[in-house]
Amino acid sequence: MAKIELAISIRQPYVEQILLGVKKYEYRSKLTHIRGRVYLYAAKKPVDDAAEWRKAKSEPGKLPNGVIVVISDCESRDDGEFQYKLESPRRLRKYLVPNSQPQPKFFRPNV
């Protein structure tokens, strides 16, 4: 498998929803030309929404970081936003901690 060089920061419980196959798209205001495998970085500040935590079958503080997902497409939406199509999510056996400062966009984690 090719070395993964990029990560995207997403808040929990959305990372877990991606891993469970419940969430298939990530919505952002910026177009991306990035395709292929990227790390998901679970941001330090979780979402404060009980309904979203129920979808992830978990609660704040119980979910891990360090997973890989494929971004296979980026489509424009009518509202001016973009949706990144996420496919083939897979947990890492050993969780990784980035050596560089996580950003609220794509970043190089240097793991």
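Structure: see above.
Small disclaimer: the values here were computed from a predicted structure and weren't measured.

Conventions and cut-offs
Residues numbered from 1 in each chain as written. Predicted model: local features only at pLDDT ≥ 70, side-chain atom pairs only at ≥ 80, totals over all residues. Heavy atoms only, no water. Pairing = 2+ DSSP bridges. Helix = DSSP H or I, 4+ residues; strand = E, 2+ residues; numbered from the N terminus. Buried < 20%, exposed > 50% of the residue type's maximum accessible area, 1.4 Å probe, protein only. Salt bridge = Lys/Arg side-chain N within 4 Å of Asp/Glu carboxyl O. Phe/Tyr/Trp six-rings, centres within 6.5 Å; stacked < 30°, edge-to-face > 60°. Lys NZ or Arg CZ within 6 Å of the ring centre and 35° of its normal.

With mixed pairing, 6 strands are arranged side by side in an open sheet as β2-β5-β4-β3-β1-β6. At either margin of the open sheet sits one strand with a lone partner, and together these are β2 (25-28) and β6 (106-107). Relative to β6, strand β1 (residues 7-10) is paired through 2 bridges, and the arrangement is antiparallel. Its bridge partner being in β6, Ala 7 is matched across the sheet by Phe 107.

The amide bond that connects Gln 12 to the next residue, Pro 13, takes the cis arrangement and shows omega of 15 degrees. Its location among the elements puts Pro 13 in the loop between β1 and α1 (14-20). A positive phi angle is found at Lys 57, which is not glycine, with a value near 55 degrees. With respect to the element layout, Lys 57 can be found in the loop between α2 (50-55) and β4 (67-76). A residue is classified by how much of its surface remains accessible, and Lys 57, at 74% relative accessible area, is exposed.

Counted under the stated rule, the structure contains 7 salt bridges. The shortest N-O distance in the salt bridge between Lys 85 and Glu 87 comes to 3.5 Å.

Quick look at the packing of aromatic side chains now. Taken as a whole and assessed by the stated rule, the structure comprises 3 aromatic pairs. Measuring from ring centre to ring centre gives 6.0 Å for Tyr 41 and Phe 107, while their planes differ by 85 degrees; the resulting arrangement is edge-to-face. One end of the pair, Tyr 41, is in strand β3 (residues 36-42); the other, Phe 107, is in strand β6, with 66 residues separating them in the sequence. In terms of burial, Tyr 41 and Phe 107 fall into one category: buried. The interplanar angle of 25 degrees and the centroid separation of 6.0 Å between the aromatic rings of Tyr 84 and Phe 106 together place this pair among those described as stacked. Pair noted here: Tyr 84 is in strand β5 (residues 82-91) and Phe 106 is in strand β6, with a separation of 22 residues, a long-range link. Exposure remark for Tyr 84: the relative accessible area of 4% places this residue in the buried category. Relative accessible area serves as the criterion here: at 18%, Phe 106 is assigned to the buried category. A cation over a ring is seen here: Lys 23 above Tyr 14, with NZ or CZ 5.5 Å from the ring centre.

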